[in-house]
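A closer look at the structure
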Amino acid sequence: MSKNKYRFINLLLITIGVLILSFTIYIGYRTSISNKQLIPISVIAIIAGVIFEGIRLSDKWYIVLLTALISFILSFLAFIPGKKDYFYNFEHHIEMFPYYFIVLFALISIIFNGNKVIPKLTEGITLIQSIAIIYWVVDYGFIDATNVFLKTVMIIGLFFSLYTMFHAFTHSILTRTSRLTLSIWSSVIMFLFTTDNIYRVYQNEPIENASGISQGLYTGLQFFLLGVSCIYSIQNFIMLTGFIPSKTTFFNKQYFRDLKELKNDHIKRYSDKQVSILHSFFCVLFTGIVFGLNYQFQLLPRNIAIWIVFVSFPIILFISDFLKGRKN
């Protein structure tokens, strides 16, 4: 590379850097003088959560920093006028800016971290998820619905839940087809729970309006955990929507090639090892007691109760096996 080209590239990079820094300062200035809180603390909590999970997934700091830098630069796309921008509202675009960063950071983390983002699934995990979705449907009151479409969806869901229980309580071989089916079912459940969790979290009062420190921390924790789950939520969404053909790959050769690869990803992430039937009984007992008590006395919001079970049961099972001297 000649000296002139080298100098030109350096000058170009410096110019871009100065422009980015200047625009960032201007965004900060407009945010500070606005009558509205354009970037709430709740959004900052989500960003903290998604970055925290990005750090946990990657064992190399430079990848996390590179992910954050690329995401930050690409987030300026939020300021491009849309078709509906008859009157350009800069403050509205500032409000969208952090959400662009969150989604882009999650997507780039998925690209950089590959299989680390695709958690290994087992019969035990899908059993917990299936029991949780049954509780979710009952607690929501969908069981009393008269809508034919909703009833049909519930019957299909019940069939897959029973299919999950069949595998959890028998030594039936986990074939490629059964692993594919259970993996897709798991993605559907987690997509529903994620959507519900986003809705429930955003029903909270803003952190700024919290009545006390404890309430503020509780709300902030929910937004932080929402950020932590963002990467996996987007990954599950990708693994579901991949089955839908796009305009450019409408059931053509490329679509079927992509479909084959997607199926393999689903199968690879599902373990072919069978769980202990005793563990399955313990799972039903534990989740049944927790969800039953919460349904009866409404101790916690349903989404919080579900996520507590997801987190606590594997820990309890691990401690139980450890005390018995078994290797989980």
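A brief structural summary. Computed from a predicted model, the values in this text were never measured in an experiment.

Some thoughts on the packing of aromatic side chains
Counted under the stated rule, the structure contains 28 aromatic pairs. A ring pair is formed by Trp136 and Tyr140, whose centres lie 5.1 Å apart and whose planes are at 80°; its orientation type is edge-to-face. Pair noted here: Trp136 and Tyr140 are both in helix H5 (residues 123-140), with a separation of four residues, about one helical turn. On the accessibility criterion, Trp136 (10% relative accessible area) is buried. With a centroid separation of 5.8 Å and an interplanar angle of 65°, the aromatic rings of Trp136 and Phe142 are classed as edge-to-face. Relative accessible area serves as the criterion here: at 26%, Phe142 is assigned to the partly exposed category. An aromatic cluster is present here, built from Phe23, Tyr26, Tyr29, Phe72, Phe76, Phe79, Phe90 and Phe97 joined pairwise through their rings. The lysine or arginine in question, Arg302, covers the ring of Tyr140, its NZ or CZ lying 3.9 Å from the ring centre.

Observations concerning a nonpolar patch on the surface
Taken together, the side chains of Phe282, Leu285, Ile289, Leu293, Phe297, Leu299, Leu300, Ile308 and Ile316 make up a nonpolar region of the molecular surface, amounting to roughly 820 Å² of accessible area. Listed by contribution, the elements that provide at least two residues to the nonpolar patch are helix H10 (277-297) and helix H11 (302-323). It is H10 that provides the largest number of residues to the nonpolar patch, a total of five residues. Along the chain, Ile316 falls in helix H11.

The rules behind each value
Residues numbered from 1 in each chain as written. Predicted model: local features only at pLDDT ≥ 70, side-chain atom pairs only at ≥ 80, totals over all residues. Heavy atoms only, no water. Phe/Tyr/Trp six-rings, centres within 6.5 Å; stacked < 30°, edge-to-face > 60°. Helix = DSSP H or I, 4+ residues; strand = E, 2+ residues; numbered from the N terminus. Buried < 20%, exposed > 50% of the residue type's maximum accessible area, 1.4 Å probe, protein only. Lys NZ or Arg CZ within 6 Å of the ring centre and 35° of its normal. Patch = residues over 30% accessible without salt bridge, like charges linked within 9 Å, V, L, I, M, F, W, Y side chains within 5 Å. Areas by Shrake-Rupley, 256 points an atom, 1.4 Å probe, with all protein chains shown as cover. Salt bridge = Lys/Arg side-chain N within 4 Å of Asp/Glu carboxyl O.

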